[in-house]
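Analysis of the macromolecular model
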Amino acid sequence: MSLTDIRITAEHALGRVEEIPPGEGRTFVVGGEQVAVFRLRDGSLHATQAACPHAGGPLADGQTDVDVLVCPLHLYAYRWSDGSSTSGAAPIRLFPVREVDGEVVVEV
Amino acid sequence: MTAILGGRPGGVTSLQVDDELETRSRLVVVGNGMAGARFVEEVLERGGGEQFRITVFGDEPHGNYNRIMLSPVLAGEEHEDDIVLNSHDWYADNGVVLRAGTRIERIDTAAKLVHADDGTTTPYDHLVLATGSYSFIPPMTGVRADDGELLPGVHGFRTIDETRAMLAATGSCTRAVVMGGGLLGLEAARALQSHGLHVELVHAAPYLMNMQLDAEAGAILERSVEALGIAVHLDVFATEVIGGDRVRAVGLADGRQIEADLLVVAAGVRPNTDIGVRSGLEVERGIVVDDQLRTDDPDVYAIGECAQHRGEVYGLVAPAWEHAKVLADVLTGTDPDAEYHGSRTATKLKVAGVDVAVMGINTPERDEDELLVISEPKRGVHLSVVIRDDKLVGATLLGDTRKVAFLTQAFDRGTPLPEERITLLVHLSDGAEEVGVADMPADSQVCNCNGVSKGDICGAVSGGCGSVGEVMERTRAGKGCGSCTSLVKRIVEWAADGDLAEDPAASWYVPGIPMAKPALMAAIRERDLRSVSAVFAALAPGGKDDAKSKMGLTSLLKMIWGTDHLPEKDGEFINDRVHGNIQRDGTFSVVPQMKGGVTTPAQLRRIADVAEKYEVPMVKVTGGQRIDLLGVRKEDLPAMWDDLGMPSGYAYGKSFRTVKTCVGSDFCRFGLDDSTQLGIDLETRFQGIESPAKIKMAVVGCPRNCAEAYVKDVGVVAVGSGRWEVYIGGAAGASVRQGDLLATVDSPQAVITLAGRFLQYYRENANWLERTYDFVPRIGLEKIKAVLLEDSESIVADLDAGIQRSIDAYVDPWGQDGRRPATPGQFRPSLPLIPLPKVPVR
């Protein structure tokens, strides 16, 4: 393992879950990273880098379902399972995120 | 600083493993162009990442980009970001070390080391040279400055940096000379012309594209090019660049001088063989290789344009990619006996206004060769084929390339030719191309750029790809120059309908719900489903939602239920969520309604004030006669709408958008009727109505057609005596189609009624995203006439009621969400808040 693989992470509370409407995403800046957090209609939370790796599109403005997130600019899609693209783009980076006492907590 | 195409921020480009832990052999690739990068891809595809530790050296600092798309970039038709094939990230993600911006000076074949210009040495076990070509600059007086660099204003046309330099120059230059009337020269000339430059073309041969065409075709091409406004000088050399410190004129061998402040040299390319020469490899025109792409050193290979195989040096991408495949097979051991036996070359010109496709030879070479020629010089059409032993060995298509798909596969694969040779060049019956698709062998190459065969496409369809787009994404077919897209589409349709596993999704309204539109509409009504999530819960397999279905469902629900549908913001595309059109930098464009293109000084003043207040970077008049405020920050949208105090122009929606009008009878000397008022009335009536795709209308006051009504979804033309012609299914965008005459009616009210009836019929029966120019031919004009004019299906009353329901449901969205956001943070920025390298900073 090289030094570049060592990452120090911390948990950040981003506010109430209700601030993110079901099915939509919102962007936050935490720990020097720009993170788009999504609350899916099944209640699950997902967090990813905010800019699409293809052309920098605002991923929080994209559309999502339980499997994928679709960037609004050129419709590149990314799997929630591992961040890989279904459409040939570079993968997106995912961040651990969970709900703690009604708060969104993301690990960056 | 020059922006790095496909770049990444500083830091490592790949994970480094300590040498002592490395068990893989060392594969070094010199050259990160189309050949080198494709070779690395081919190696990785064969699992070579586990066999080899791969290092790639590239002269340019960029990632790998699609060099054949530089002409569209120069023309402004493509953005440079969109021609990136492999970004720096891609190399890192695949464990490939990319040394971009590092030139290899020489090879020590004895020590098996490459020496770079930064003083480093890199050992290899296998070395692949993919150094490509460089622009040939013919000897000309004054072409270089004292330091040996090209004189300011002189450019080659080979790299993205050269393209950028030319693009920058177009801002200040007015006259350009392009040297070279081959493919690249013609593309450069047309691209520069598109930036408003006066362009003259100087070609040393007696006719254009002399490498590919015969003299007759070349002469026809010359006329077509001159008709575009590009002056052509043939059979003459440029001998001098006049200017001293920068280009001011170009001197020709016959003594003439052409005034110019930009000179583009596209006089051919030469293989980059210096490294081979310096390293003692056998070099003739290119670096000499055998059938396994091996040079005279057993561990050094050469591929692409720098390689000379059986005496041939290619200047095209397809042979380079064939080299890459064979060498990857050999080196990875996938097929150690793989061999390359040469390429049959085919080329196409990417110039708007001139269609040229050429393959193989253009004149008979043997007594028994058959030659078929159709030449219509006045129309700019020249078609010919050369046939040998019942096989196509050459074709030239100039001015009409409709048969190119069939001919390409006949040429590539030697498929049987029709007895009636004339059908090779002209359509004699419908369906000929479908037969052609069916007859294609599975290994016929369809996408020459990406080496995708018919079999690959069929495999993707049977593997579950449900649309042309999915097949293109999966196989990369059509992702190069894009000229094969129509053939890909036909093959996908053929594969989906034939013996192969049919893709049922082809008939579904949206991909996530397995129902055709009529059944889906019936189920929604029957089960009283009023929201997108309710539709998914009730009708989708497993109740699963599907991102790509949401927008279409939202549109359908709005049509069915009007104001009674339950809106869900996540069911809408971002444009509809915030009522603006998202732009490439994440900002939005705002277009106020301007009915019939008519405005007032007060409105103009307000728009100007708003544009200043919100620091709108660009104010632009649209093709639809409205004013577009571009570059608006998402968070500014509500306040801006409030200040504008004008309704939304729906420039962002799959919906009715605008009615373009001419002046009509108010002021025009020729106007036969009041087109402006009718346009305003139509726009008032249909404002905000959702539809399967965008709807544009136009009304003109006479058949001079100043507002282009013949090419709109609904076009209305005044023909005098109070009569109006109503056309449907026209288009002048990505497709161009003249609308079909639906009816001639005798009052504006009749136009409004008929337009509404057609709109509703289209809304109820069109597939999602199906434009009227596809819908009308699919349903058939005669049927549409029967339904709308004769009420053959007794649905006219329902259609009228349906459109009226939607009209009654109209509410200006800017008045709603602006004052009370529909969801928390609806207008919160989603743009990155700190600069990221790939994001255009706003």
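Going by an unreviewed UniProt entry, chain B carries the name assimilatory sulfite reductase (ferredoxin) and comes from Blastococcus colisei. The UniProt entry for chain B carries the following text under Function (unreviewed entry): "Catalyzes the reduction of sulfite to sulfide, a step in the biosynthesis of sulfur-containing amino acids and cofactors." Chain B has a UniProt comment under Sequence similarities (unreviewed entry) that states "Belongs to the nitrite and sulfite reductase 4Fe-4S domain family."

Naming follows an unreviewed UniProt entry, where chain A appears as Nitrite reductase (NADH) small subunit of Blastococcus colisei.

Considering helix H16 (residues 532-539) of chain B
Residues and elements named next belong to chain B. Every buried residue of H16 is listed here: Val532, Val535, Phe536 and Leu539. Looking down the long axis of H16, one finds its buried residues gathered within 100° of arc, a one-sided arrangement. Where the residues of H16 are buried, they touch helix H15 (517-526) and helix H17 (550-561).

Re the nonpolar core
All names here are of chain B. In terms of nonpolar packing, the biggest core is built from 61 residues, with Ile513, Leu520, Ile524, Val535, Leu539, Val590 and Leu629 touching the most fellow members. In terms of residue count, the dominant contributor to this core is H17 (seven residues). Setting aside its immediate chain neighbours within four residues, Leu629 contacts Phe588, Ser589, Val590, Ile607, Ala611, Val616, Met618, Val619, Met640 and Leu644. Met34, Val114, Leu293 and Ile303 belong to the second-largest nonpolar core, a separate cluster that totals 50 residues.

Let's talk about the sheet that holds strand S37 (residues 723-728) of chain B
Hydrogen bonds between backbone atoms are what pair the strands of a sheet, whose relative direction is either parallel or antiparallel. Residues and elements named next belong to chain B. Judged by pairing direction, the sheet is mixed, and its five strands sit side by side in the order S34-S35-S36-S37-S40 without closing on themselves. Strands at the two margins of the open sheet, each flanked by one partner only, are strand S34 (656-661) and strand S40 (740-745). In this sheet, adjacent strand axes meet at a mean angle of 20° when their direction is disregarded. Sheet topology note: the S34/strand S35 (residues 695-700) ladder contains five bridges and is parallel. Its bridge partner being in S35, Lys660 is matched across the sheet by Ala698. Packing of helix H21 (residues 675-686) onto the sheet brings it into contact with S34, S35, strand S36 (714-720) and S37, and relative to S34 it is tilted by some 175°.

Observations regarding the packing of aromatic side chains
All names here are of chain B. Applying the stated criterion to the full structure yields 11 aromatic pairs over all chains. Between Trp641 and Phe827, the aromatic rings sit 5.6 Å apart at their centres with planes inclined by 80°, giving edge-to-face as the arrangement. One end of the pair, Trp641, is in helix H20 (residues 637-644); the other, Phe827, is in the segment after helix H26 (813-817), and 186 residues separate them in sequence. In terms of burial, Trp641 and Phe827 fall into one category: buried. Considering the side-chain rings of Tyr650 and Tyr652, the 5.6 Å spacing of their centres and the 35° angle between planes classify their relative orientation as tilted.

Observations regarding the interface of chain A and chain B
On the side of chain B, 42 residues touch chain A, which itself brings 39 residues to the contact. Of the roughly 3300 Å² buried between chain A and chain B on both sides combined, carbon and sulfur atoms contribute 50%. Of all residues in chain A, Gln34, Asp61 and Gln63 of chain A give up the largest surface area on contact with chain B, accounting jointly for 20% of the area buried on that side. At the boundary of chain A with chain B, the tally comes to four salt bridges. Between Asp67 of chain A and Lys544 of chain B there is a salt bridge; the shortest N-O distance is 2.7 Å.

Quick notes on the state of the cysteines
By definition, a disulfide links the sulfur atoms of two cysteines through a covalent bond. Here the structure, examined in full by the defined rule, presents zero disulfides over all chains. Its sulfur unpaired, Cys71 of chain A is 3.8 Å from the next cysteine sulfur, which belongs to Cys52 of chain A.

Some words on the confidence of the model for chain B
Residue and element names in this part refer to chain B. Looking at chain B as a whole, the pLDDT averages 88, with 92% of positions reaching at least 70. Between residues 498-502, whose pLDDT stays under 50, and residues either more than four places distant or in other chains, the model counts six contacts. Scoring the predicted complex yields pTM 0.54 and, for the interface, ipTM 0.92.

Concerning the sheet that holds strand S31 (residues 588-590) of chain B
All names here are of chain B. The antiparallel open sheet is built from four strands, whose spatial order is S30-S31-S33-S32. Of all strands in the sheet, those with a lone pairing partner are strand S30 (581-582) and strand S32 (618-621), marking the two edges. Where S30 meets S31, two bridges bridge the pair, whose relative direction is antiparallel. Following the sheet pairing, Asn581 is matched in S31 by Ser589. Across the sheet, H20 lies against S31 and strand S33 (627-632), angled at about 10° from S31, the strand it touches most.

Observations concerning unusual backbone geometry
Residues and elements named next belong to chain B. The backbone phi angle of Met209 is positive, close to 45°, even though this residue is not glycine. Relative to the assigned elements, Met209 resides in the loop between strand S13 (198-203) and helix H7 (215-227). Phi at Asp791 takes a positive value of approximately 55°, unusual for a residue other than glycine. As for its position among the elements, Asp791 is in the loop between helix H24 (781-789) and helix H25 (796-808). On the accessibility criterion, Asp791 (31% relative accessible area) is partly exposed.

Observations concerning the UniProt feature "binding site: siroheme" (unreviewed entry) in chain B
In this numbering, the UniProt entry assigns the feature "binding site: siroheme" (unreviewed entry) to Cys706 of chain B. Sequence-distant contacts of Cys706 of chain B, defined by excluding residues within four places in its chain, comprise Cys662 and Val700 of chain B.

Structural notes on the pairing of strand S2 (residues 52-58) of chain B
Across a regular strand the side chains alternate sides, sitting on one face of the sheet and then on the other. Residue and element names in this part refer to chain B. Burial analysis of S2 places six of its seven residues in the buried class, which makes it a mostly covered element. Across six bridges, the pairing between strand S1 (residues 25-30) and S2 is parallel. Paired with Arg26 across the bridge in S2 is Arg53. Inspection of the sheet shows S2 paired to strand S5 (residues 97-100) by four bridges, in the parallel sense. Paired with Gly58 across the bridge in S5 is Ala100.

Structural notes on a negative patch on the surface
Taken together, the side chains of Asp290, Asp335, Asp337 and Glu339 of chain B present a region of like negative charge at the surface. Mapped onto the elements of the fold, Asp290 of chain B is located in the loop between strand S20 (287-289) and strand S21 (300-302).

Some remarks on the packing of helix H22 (residues 748-765) of chain B against H24 of chain B
Residues and elements named next belong to chain B. Between H22 and H24, the least distance of the axes is 10 Å, while the angle of their chain directions is 120°. Taken together, H22 and H24 sit at an angle that is classed as oblique. Crossing geometry of H22 relative to H24 is assigned as right-handed. Of the residues in H24, those in contact with Leu754, Arg757, Phe758 and Tyr761 of H22 are Lys783, Ile784, Val787, Leu788 and Leu789. Split into classes, the residues belonging to the contact of H22 with H24 amount to seven nonpolar, no polar and two charged.

Overview of the environment of Thr599 of chain B
Residues and elements named next belong to chain B. Its location among the elements puts Thr599 in the loop between S31 and helix H19 (601-613). According to the relative accessible area criterion, Thr599 is partly exposed, its value standing at 28%. The spacing of Thr599 and Ile627 is 28 residues in sequence and 9.9 Å in space, taken between C-alpha atoms. What Thr599 contacts, discounting residues up to four positions off in sequence, is Met594 and Leu604. Within the structure, Thr599 has its side chain in polar contact with the side chain of Gln603 (distance 2.9 Å).

Rules behind the numbers
Residues numbered from 1 in each chain as written. Chains lettered and ligands numbered in written order. Predicted model: local features only at pLDDT ≥ 70, side-chain atom pairs only at ≥ 80, totals over all residues. Heavy atoms only, no water. UniProt positions renumbered as here; feature names shortened; annotations may be inferred. Buried < 20%, exposed > 50% of the residue type's maximum accessible area, 1.4 Å probe, protein only. Helix = DSSP H or I, 4+ residues; strand = E, 2+ residues; numbered from the N terminus. Arc of directions from axis to C-beta. Contact = heavy atoms within 4.5 Å. Core = buried A, V, L, I, M, F, W, Y, C linked by side-chain atoms within 4.5 Å. Pairing = 2+ DSSP bridges. Axes fitted to C-alpha atoms, helices over the stretch in contact; angles between N-to-C directions. Phe/Tyr/Trp six-rings, centres within 6.5 Å; stacked < 30°, edge-to-face > 60°. Buried area = accessible area lost by both parts, 1.4 Å probe. Salt bridge = Lys/Arg side-chain N within 4 Å of Asp/Glu carboxyl O. Disulfide = S-S within 2.5 Å. pLDDT = per-residue confidence, 0-100. Patch = residues over 30% accessible without salt bridge, like charges linked within 9 Å, V, L, I, M, F, W, Y side chains within 5 Å. Areas by Shrake-Rupley, 256 points an atom, 1.4 Å probe, with all protein chains shown as cover. Lys, Arg positive; Asp, Glu negative; His and termini not counted. Charge placed at Lys NZ, Arg CZ, Asp CG, Glu CD. Parallel < 35°, antiparallel > 145°, perpendicular 65-115°, else oblique. Left-handed = near helix turned anticlockwise from the far one by under 90°. Nonpolar A, V, L, I, M, F, W, Y, C, P; charged D, E, K, R; others polar. Polar contact = N/O pair within 3.5 Å; in protein donor to acceptor, adjacent residues only side chain to side chain.

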